[in-house]
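Reading the structure
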Amino acid sequence: MTDVNGAPADVLHTLFHSDQGGHEQVVLCQDRASGLKAVIALHSTDLGPALGGTRFYPYANEAEAVADALNLARGMSYKNAMAGLDHGGGKAVIIGDPEQIKSEELLLAYGRFVASLGGRYVTACDVGTYVADMDVVARECRWTTGRSPENGGAGDSSVLTSYGVYQGMRAAAQHLWGDPTLRDRTVGIAGVGKVGHHLVEHLLAEGAHVVVTDVRKDVVRALTERHPSVVAVADTDALIRVENLDIYAPCALGGALNDETVPVLTAKVVCGAANNQLAHPDVEKDLADRGILYAPDYVVNAGGVIQVADELHGFDFDRCKAKASKIYDTTLAIFARAKEDGIPPAAAADRIAEQRMAEARTRR
């Protein structure tokens, strides 16, 4: 079904009427010369300019791309609020296969569209875009982060993303077991790419036992050769069933927690870097019913956005790391609020974020 202008009605309903909507602005961008088709969604600028990455992905259709941009932008509002940043939430998606259509001309055209928003949106890397791409975008748009150190940026943000997840694990251990140390705890990591392999380093340094899996067997092999104490299992299905697993860290694709995985999960804590880990809202109740503590993904994986936000002020790694360290305190506060209100941790995180955004609106 479409509206009177031919736009998919379900997308417009999401934007204007559903609880997942409420976005301030959605911009449809097209540059026929380069083949660019993009959507820029600004969910909120209550706390400051919207900040969020650029996803480059071969969506099945334009409606799917718009829906993804809306959902991701909303998520960034909550992530930035919980990270204590003076930024609202935004996200952009470029429609198409980056392996096929990504070009300098296209990225420059995209940069011009972001620049046309006059600083209301600050962009960075996401799935399908990289530091080198942001260097190109920045030639047309000064509101670009995630650039290379050679071009005034901070480079790869996975270092602080993994550090924040590590702090979230420490907070979960403190809340559940009364001690933040992870020594002798068994942690299973699904996905040991950019973020996951840094997380392995943090855990080994503290004396944890680490079990990993990844669809890329060469990556696993290189990791276990470098760290012989790390145990590899065949796949995620095997990982979540590992006996005496203390913490499960989904660090790959979203939807890792679903109706099939939660009933067989052996871990007592879920704390990982992947976005959108809950396949649907009821999953968190299923986790709670099984006595599994869930550290909200958008809270513990905020180290990366803390880093790219800092670029706007002249990047300082020590300053960023100090901010990312606060993820420990933020996660503990969420667990305390959840217990006090009798709600799951993700709902508690949402309430805290919404309160911060509401307070910002009243100060305008």
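Residues numbered from 1 in each chain as written. Predicted model: local features only at pLDDT ≥ 70, side-chain atom pairs only at ≥ 80, totals over all residues. Heavy atoms only, no water.

Description of the overall build of the protein chain
To keep things clear, this is the line we draw: To qualify as a helix, a DSSP run of H or I must reach at least 4 residues; to qualify as a strand, a run of E must reach at least 2; elements of each kind are numbered from the N terminus. Here the globule rule is a power law, 2.2 Å times the number of residues to the power 0.38, and the radius of gyration is based on C-alpha atoms. Throughout, exposure labels follow a simple rule: accessible area from a 1.4 Å probe, protein chains only, divided by the maximum for the residue type, with under 20% read as buried, over 50% as exposed, and the rest as partly exposed. Accessible areas in this description were obtained via Shrake-Rupley with a 1.4 Å probe; residue shielding takes into account the shown protein chains only.
Summing up its helical and strand segments, the protein chain has 15 helices and 12 strands in all. Rg of the C-alpha trace for the protein chain: 20 Å, near the compact-globule value of 21 Å for 364 residues, within the 12% margin. Principal-axis analysis of the C-alpha atoms places the extent of the protein chain at approximately 55 × 45 × 40 Å. Residues counted as buried form 52% of the 364 residues belonging to the protein chain. For the protein chain, the accessible surface area stands at approximately 16100 Å², while carbon and sulfur atoms represent 50% of it.

As for the packing of aromatic side chains
Heads up, the condition is: Any two rings among Phe, Tyr and Trp, with Trp reduced to its six-membered ring, count as a pair given centres within 6.5 Å; such a pair is stacked if its planes are under 30 degrees apart, edge-to-face if over 60, and tilted if neither. Criterion for a charge above a ring: Lys NZ or Arg CZ within 6 Å of the ring centre, and within 35 degrees of the ring normal.
Following the criterion strictly, the structure yields three aromatic pairs and no others. Relative to Tyr298, the ring of Tyr78 has its centre 6.3 Å away and its plane inclined at 75°; by these criteria the two rings are edge-to-face. Pair noted here: Tyr78 is in helix H2 (residues 62-82) and Tyr298 is in helix H11 (residues 297-300), with a separation of 220 residues, a long-range link. For the pair Tyr78 and Tyr298, a shared accessibility class is recorded, and that class is buried. With centroids separated by 6.3 Å and ring planes inclined at 45°, the aromatic side chains of Tyr163 and Tyr166 adopt a geometry described as tilted. Here the residue Tyr163 and the residue Tyr166 both occupy positions in helix H6 (residues 158-177), the gap between them amounting to three residues, near one helical turn. Given the relative accessible area of 12%, Tyr163 is considered buried. Taking the relative accessible area as the measure of exposure, Tyr166 reaches 12% and is therefore buried. Sitting above the plane of the Tyr163 ring, Lys321 keeps its charged end 5.0 Å from the centroid.

Thoughts on the packing of H6 against helix H13 (residues 317-325)
Put simply, the test is: Here an angle of 0 to 180 degrees is reported between the N-to-C directions of two axes, which are lines fitted to C-alpha atoms, with helices fitted over the stretch in contact. Between 65 and 115 degrees an angle is taken as roughly perpendicular, under 35 as roughly parallel, over 145 as roughly antiparallel, and anywhere else as oblique. For a crossing to be left-handed, the near helix must be turned anticlockwise from the far one by less than a right angle; the clockwise case is right-handed. When checking whether two residues touch, look at their non-hydrogen atoms; a contact exists if any pair is within 4.5 Å. Following the grouping adopted for this structure description, the nonpolar residues are Ala, Val, Leu, Ile, Met, Phe, Trp, Tyr, Cys and Pro, the charged ones are Asp, Glu, Lys and Arg, and the polar ones are all others, Gly among them.
Here H6 crosses H13 at 30°, and the two axes come no closer than 9 Å. When the axes of H6 and H13 are compared, the pair comes out roughly parallel. As H6 packs across H13, the resulting crossing turns out to be right-handed. Of H13, the residues touching H6 (which contributes Val159, Leu160, Tyr163, Gly164 and Gln167) are Phe317, Cys320, Lys321, Ala324 and Ser325. Of the residues in the contact of H6 with H13, the class split is six nonpolar, three polar and one charged.

So, the pattern of salt bridges
For clarity, the cut-off: Counted as salt bridges are all cases of a side-chain nitrogen of Lys or Arg within 4 Å of a carboxyl oxygen of Asp or Glu.
Scanning all chains against the criterion turns up 20 salt bridges. Of the charged contacts in the structure, one is a salt bridge between Asp68 and Arg55, with a shortest N-O distance of 3.7 Å. Separated by 13 residues along the polypeptide, Asp68 in helix H2 and Arg55 in strand E4 (residues 54-57) bring together distant segments of the chain. Across the pair, Arg55 and Asp68 agree in class, each one buried. Residue Asp133 pairs with Lys102 through a salt bridge whose shortest N-O separation is 2.7 Å. Of this pair, Asp133 sits in helix H5 (residues 131-137) while Lys102 sits in the loop between helix H3 (98-101) and helix H4 (104-115); the two residues are 31 residues apart in sequence, bridging distant segments of the chain.

Side note on the nonpolar core
We count it as follows: The set of buried Ala, Val, Leu, Ile, Met, Phe, Trp, Tyr and Cys residues whose side-chain atoms join them within 4.5 Å is what this entry labels a nonpolar core.
Membership of the largest hydrophobic core comes to 67 residues, with the highest contact counts inside it found for Ile40, Tyr110, Met169, Ile189 and Leu203. Excluding anything up to four places from it in sequence, Tyr110 contacts Leu36, Ala38, Ile40, Thr54, Ala92, Ile94, Tyr121, Thr123 and Val137. Ranked by size, the runner-up nonpolar core spans 18 residues in total, among them Tyr248, Ala256, Leu257 and Leu265.

Here we look at the pairing of strand E2 (residues 36-44)
What counts, and what does not: For two strands to be treated as a pair, DSSP must find no fewer than two bridges joining them.
Counting buried residues in E2 gives eight out of nine residues, a clear majority hidden from the surface. Here seven bridges tie strand E1 (residues 25-31) to E2, and the two strands are oriented antiparallel to one another. Across the sheet, residue Gln25 finds its bridge partner in E2, namely Leu42. In this antiparallel pair of consecutive strands, E1 and E2, the connection spans four residues, and Gly35 shows a positive phi of 85°.

Comments concerning the sheet that holds strand E10 (residues 247-250)
Here we have six strands laid out as an open sheet, ordered E9-E8-E7-E10-E11-E12, and parallel in their pairing. Across the chains shown, the open sheet's two edge strands, defined by having one partner strand only, are strand E9 (231-232) and strand E12 (293-294). Its contacts with the sheet place helix H7 (residues 194-206) against strand E7 (186-190), strand E8 (209-213) and E10, and it is angled at close to 170° to E7. Docked against the sheet, helix H8 (residues 217-226) engages E8 and E9, running at close to 160° with respect to E8.

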